[in-house]
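A closer look at the structure
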Amino acid sequence: MPEERIRPPWWLKPLNKVVIASTKLGLPIFGKEGPMILTVTGRTSGRPRTTPITPMYVDGKRYVVGGFPGADWVRNARANPEVTLTQNRRDERVRMVEMSVDEARPLLRQFPTLVPTGVDFMKNAGLVTDATPDEFEALAGRCAVFRFDPIT
């Protein structure tokens, strides 16, 4: 069965470019703990691909939820899990570890509280309607959840 893919809205790429440029310049966007820039190696091109992400912090660990099933950055991270995170002009190399469906459920329940900027994004994508913890938990298996582990 082919992987589910949802087409992002037309305005997402231009907005991402603004967020990436602002973040690389060290300008605070959406507060101090705003987005980070994820740079992953393209699975077919081998070239660096960047996208803004908003991590969530649970029990001292960082996680990120893929906002669209089948997103290119998710597919690239699965193929090349060693990535770079950039925030406030600082780069950090990490390994992305995808959570199983069972591991993802409790993390997704916390998403609406921990990443409120992502709630409208998920509503606009048609993935949730009321943005309840139950709705987000039901995304387990549809939206990837990754943990960032330090590379030692």
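Quick caveat: nothing in here was measured; it's all calculated off a predicted structure.

Comments concerning the overall build of the protein
- The helix and strand tally for the protein stands at 5 helices and 7 strands.
- Helices and strands appear in the protein in the N-to-C order α-β-β-β-β-α-β-β-α-α-α-β.
- With 152 residues in all, the protein has 43% of them scored as buried.
- Contacts spanning at least 24 positions in sequence make up 65% of the contacts within the protein whose residues lie at least 6 apart.

Looking at the pairing of strand 1 (residues 36-41)
- As paired strands, strand 1 and strand 2 (residues 48-53) are joined by 6 bridges and run antiparallel to one another. Among the inter-strand pairings, Thr41 is bridged to a residue of strand 2, identified as Pro48.
- Where strand 1 folds back on strand 2, the antiparallel hairpin that results is connected by 6 residues, among which Gly46 adopts a positive phi of roughly 75 degrees.
- As paired elements, strand 1 and strand 5 (residues 82-87) share 3 bridges and run antiparallel to each other. Within strand 5, the position partnered with Thr39 by the bridge is Thr84.

Here we look at the packing of aromatic side chains
- Under the definition given, this model contains 2 aromatic pairs.
- Ring centres 6.1 Å apart and planes at 45 degrees place the aromatic pair Trp73 and Phe146 in the tilted group. With Trp73 in helix 2 (residues 72-79) and Phe146 in strand 7 (residues 145-150), this pair connects stretches of sequence that are 73 residues apart.
- Here Trp73 falls in the buried class, since its relative accessible area comes to 13%.
- Among the residues examined, Phe146 registers a relative accessible area of 1% and is labelled buried.
- On the numbers, 5.3 Å between centres and 35 degrees between planes, the contact of Phe111 with Phe136 is tilted. Highlighted residues: Phe111 in helix 3 (residues 101-114) and Phe136 in helix 5 (residues 133-137), separated in sequence by 25 residues. The two residues Phe111 and Phe136 agree in class, both being buried.

Thresholds, definitions, all that
- Residues numbered from 1 in each chain as written.
- Predicted model: local features only at pLDDT ≥ 70, side-chain atom pairs only at ≥ 80, totals over all residues.
- Heavy atoms only, no water.
- Helix = DSSP H or I, 4+ residues; strand = E, 2+ residues; numbered from the N terminus.
- Buried < 20%, exposed > 50% of the residue type's maximum accessible area, 1.4 Å probe, protein only.
- Contact = heavy atoms within 4.5 Å.
- Pairing = 2+ DSSP bridges.
- Phe/Tyr/Trp six-rings, centres within 6.5 Å; stacked < 30°, edge-to-face > 60°.

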